[in-house]
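Structure assessment
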Amino acid sequence: MDSSPPILDVAFADQWFAEDDDVGKEDARRVVGMLRTDLEPRLTALCTNPAQLNAAAAEHEFHRIRGAVGSFGFARCAAHLLVLEKTWAQLDETQRNQELQSAYAAFTAGLQALVARFPHLAV
């Protein structure tokens with residue numbers, strides 16, 4: 001039995017993106033645009049150069065990103081980011097890279113699941 005959090009927590013996602021009027025849909029597209037233009041590049045940069053972070057910077061950055069993705073329902077990504085936030089100093093380089101790659105993959109899968117659930121979010 002898989003005990004991993006879901007890629008997309010639909011209850012959270014529905015709170016943000018289930019608008020059915022044109023204004024709500026446009027607002028939702030702007031929010032998803034922020035996920036793509038702000039959070040995705042930040043995760044990419046962290047995956048590319050994890051050595052840029054010391055423990056304090058890692059805790060701060062992963063906490064901020066985790067809060068954002070978690071509030072949109074990206075539960076599995078948030079779980080990986082929590083591990084990184086709380087244990088960065090204890091993880092070796094391989095473990096850090098694995099968690100970072102898992103967080104990024106879960107973020108990407110979360111975006112795909114979000115657009116599949118709400119086609120009006122496709123760009």
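This is a predicted model, so every value here is computed, not measured.

**Observations concerning the nonpolar core**
Residues F17, F62, V69, F74, L81, F107 and L114 are the most contacted members of the largest nonpolar core, which totals 33 residues. Residue assignment for this core shows that the elements contributing at least two residues are α1 (10-17), α2 (22-48), α3 (55-71), α4 (75-87) and α5 (93-117). Other than its neighbours up to four places away in sequence, F62 contacts L46, L53, L81, L84, E85, W88 and L100.

**Concerning a negative patch on the surface**
On the surface, a cluster of negative charge is made up of E19, D20, D21 and D22. Here D22 falls in the exposed class, since its relative accessible area comes to 63%.

**A look at the packing of aromatic side chains**
In this structure the tally under the stated criterion is six aromatic pairs. Ring geometry for F17 and F118: centres 6.2 Å apart, planes at 45°, overall tilted. Taken together, the residues span a long stretch of sequence, with F17 in helix α1 and F118 in the segment after α5 at a distance of 101 residues. The same class applies to F17 and to F118, which are both buried. Relative to W88, the ring of F62 has its centre 5.4 Å away and its plane inclined at 45°; by these criteria the two rings are tilted. On the criterion of sequence distance, the pair formed by F62 in helix α3 and W88 in the loop between α4 and α5 is long-range, its members being 26 residues apart. The residues F62 and W88 share a single accessibility class, namely buried. Ring pairing ties together the aromatic residues W16, F17, F72 and F118, which thus form one cluster.

**Focus: the pattern of salt bridges**
Pairing between side chains becomes possible if they bear opposite charge and their charged atoms approach one another. Per the counting criterion, the structure on display carries eight salt bridges. D14 is the salt-bridge partner of R117, the closest N and O atoms lying 2.8 Å from each other. Of this pair, R117 sits in helix α5 while D14 sits in helix α1; the two residues are 103 residues apart in sequence, bridging distant segments of the chain. R117 gets classed as partly exposed once you look at its relative accessible area, which sits at 40%. Since its relative accessible area comes to 28%, D14 is described here as partly exposed. Among the ionic pairs, R29 bridges to E26, the shortest N-O distance being 3.2 Å. Residue R29 and its partner E26 are both found in helix α2; the two are separated by three residues, about one turn of the helix. Taking relative accessible area as the criterion, E26 reaches 34% and is therefore assigned partly exposed. What emerges from the salt-bridge pattern is a single network uniting E26, D27, R29 and R30.

Rules behind the numbers
- Residues numbered from 1 in each chain as written.
- Predicted model: local features only at pLDDT ≥ 70, side-chain atom pairs only at ≥ 80, totals over all residues.
- Heavy atoms only, no water.
- Core = buried A, V, L, I, M, F, W, Y, C linked by side-chain atoms within 4.5 Å.
- Buried < 20%, exposed > 50% of the residue type's maximum accessible area, 1.4 Å probe, protein only.
- Helix = DSSP H or I, 4+ residues; strand = E, 2+ residues; numbered from the N terminus.
- Contact = heavy atoms within 4.5 Å.
- Patch = residues over 30% accessible without salt bridge, like charges linked within 9 Å, V, L, I, M, F, W, Y side chains within 5 Å.
- Areas by Shrake-Rupley, 256 points an atom, 1.4 Å probe, with all protein chains shown as cover.
- Salt bridge = Lys/Arg side-chain N within 4 Å of Asp/Glu carboxyl O.
- Lys, Arg positive; Asp, Glu negative; His and termini not counted.
- Charge placed at Lys NZ, Arg CZ, Asp CG, Glu CD.
- Phe/Tyr/Trp six-rings, centres within 6.5 Å; stacked < 30°, edge-to-face > 60°.

All we've got here are geometric facts, nothing functional implied.
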